[in-house]
Each structure stands twice: as C-alpha cells, then as structure tokens.
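Overview (structure and organization)
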Amino acid sequence: VQLQASGGGLVQAGGSLRLSCAVSGRTFSNYVMGWFRQAPGKEREFVAAIRWSSGTTYYTEAVKGRFTIDRDNAKNTVYLQMNSLKPEDTAVYYCAGDPSGNLKGSRYYPRPSIYNYWGQGTLVTVSS
C-alpha cells in the first residue's frame, strides 16, 4: 500500500486549502484513513479520521467546524478540506491508513501507532 499526499502550500490566515491522499494497492472495506499533523518541535497530533466503508468522520476539537475529511471511492483518494485556516494550523500534514480500523473503536483513531501506512507529508504554512 502506498499513500501519496499533496495539496499543501502557503496561505493567509482565513484562507482555505484542500489536501489529497491518493491510496494505491489495496481494497478498503475495513480501512480507516486518518490525517495527522506535526508542527516544528511538537509531537504528531491527530486531526481527523474517516471510516472508508461508512464515511463516518471524526475530528479533533481544534478543527471541528473548519476542516472536513472525505473520500472518493472511485479515485481511491481521501481529502482534507481546510477552511478558516489559522497560523496555529501550520504543520506538516500526513495521511495514514489502518487496514483494520473499522474493527476498532473510534477511541483508537487518534493514536498514530494503529496506522500501518503513512504518506510522505505535505507542508501547510498559514501566515498571519
């Protein structure tokens, strides 16, 4: 399985970006896909997750109402639409996949350790 993240860039505060994560190599019935981010000098933190089969979504409190995670079955791609961006959203964003995530409770989704596959990261910089 390979994950290819893209869509990062430089944007002003209040602006929007859409990140994409193209997934190749597997089918997805039990997959959970997640987005994480890591700012300089900080731990990697959970942003959002989606159950591939049902489309059920989960978000960290800091991005609720501003970010939306979605997936396109035909394109095998997961998206993270980010609106009303703030300077504190600046980070490298990573997509990740857990092939058996659908068999776990959602309380596990914020844990990076459950994800078997990771994309290479895409940098998002939000200027004030």
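Each remark here, short or long, concerns the structure printed above.
Please read all numbers here as calculations on a predicted model, not as lab measurements.

1. Digging into the environment of Leu3
Summarising the element assignment, Leu3 is placed in strand β1 (residues 2-6). Take Leu3: its relative accessible area is 8%, and that puts it in the buried class. For Leu3, the residues in contact, after removing those within four places along its chain, are Cys21, Ala22, Val23, Met33, Cys95, Ala96, Gly97, Tyr117, Trp118, Gly119 and Gln120.

2. Some points on the state of the cysteines
Evaluation of the coordinates by the stated rule reveals one disulfide. Covalently, Cys21 is tied to Cys95 through a disulfide, its sulfur atoms 2.2 Å apart. As the torsion about the S-S bond is roughly 65°, the Cys21-Cys95 disulfide counts as right-handed. Placement of Cys21 in strand β3 (residues 17-24) and of Cys95 in strand β9 (residues 91-98) is noted, with a sequence separation of 74 residues between them. As far as burial versus exposure is concerned, Cys21 and Cys95 are alike and both buried.

3. Description of the packing of aromatic side chains
A full pass over the atoms with the stated rule returns six aromatic pairs. A centroid spacing of 5.7 Å and a plane angle of 75° characterise the contact between Phe36 and Phe46, whose relative ring orientation is edge-to-face. Pair noted here: Phe36 is in strand β4 (residues 32-38) and Phe46 is in strand β5 (residues 45-51), with a separation of ten residues, a long-range link. In this pair, the class of Phe36 matches that of Phe46, namely buried.

4. What about the pairing of β1?
Taking every second residue as pointing to the same face, the buried face of β1 carries Leu3 and Ala5, while none of Gln2, Gln4 and Ser6 on the other face is buried. Pairing geometry for β1 and β3, over five bridges, is antiparallel. Its bridge partner lying in β3, Gln4 is registered against Ala22.

5. Considerations on the environment of Ser53
Examined against the element boundaries, Ser53 turns out to sit in the loop between β5 and β6 (57-59). Expressed as a C-alpha distance, the spacing of Ser53 and Gly121, which sit 68 residues apart in the sequence, is 24 Å. Excluding residues that lie within four positions of it along the chain, Ser53 makes contacts with Ser29, Arg71 and Asn102. Within the structure, the side chain of Ser53 is placed 3.4 Å from the side chain of Asn102, a separation counted as a polar contact.

6. What to know about the nonpolar core
If you look at the biggest cluster of nonpolar residues, it comprises 27 residues, and the most contacted ones within it are Met33, Trp35, Leu80, Met82 and Tyr93. Going through the elements one at a time, β1, β3, β4, β5, β7 (67-72), β8 (77-82), β9 and β11 (122-127) are the ones with two or more residues in this core. The dominant element in this core, judged by the number of residues it contributes, is β3, at four residues. Counting residues in each nonpolar core, the second largest holds nine residues, with Phe46, Tyr58, Tyr109 and Ile114 among its members.

What counts as what
Residues numbered from 1 in each chain as written. Predicted model: local features only at pLDDT ≥ 70, side-chain atom pairs only at ≥ 80, totals over all residues. Heavy atoms only, no water. Helix = DSSP H or I, 4+ residues; strand = E, 2+ residues; numbered from the N terminus. Buried < 20%, exposed > 50% of the residue type's maximum accessible area, 1.4 Å probe, protein only. Contact = heavy atoms within 4.5 Å. Disulfide = S-S within 2.5 Å. Phe/Tyr/Trp six-rings, centres within 6.5 Å; stacked < 30°, edge-to-face > 60°. Pairing = 2+ DSSP bridges. Polar contact = N/O pair within 3.5 Å; in protein donor to acceptor, adjacent residues only side chain to side chain. Core = buried A, V, L, I, M, F, W, Y, C linked by side-chain atoms within 4.5 Å.

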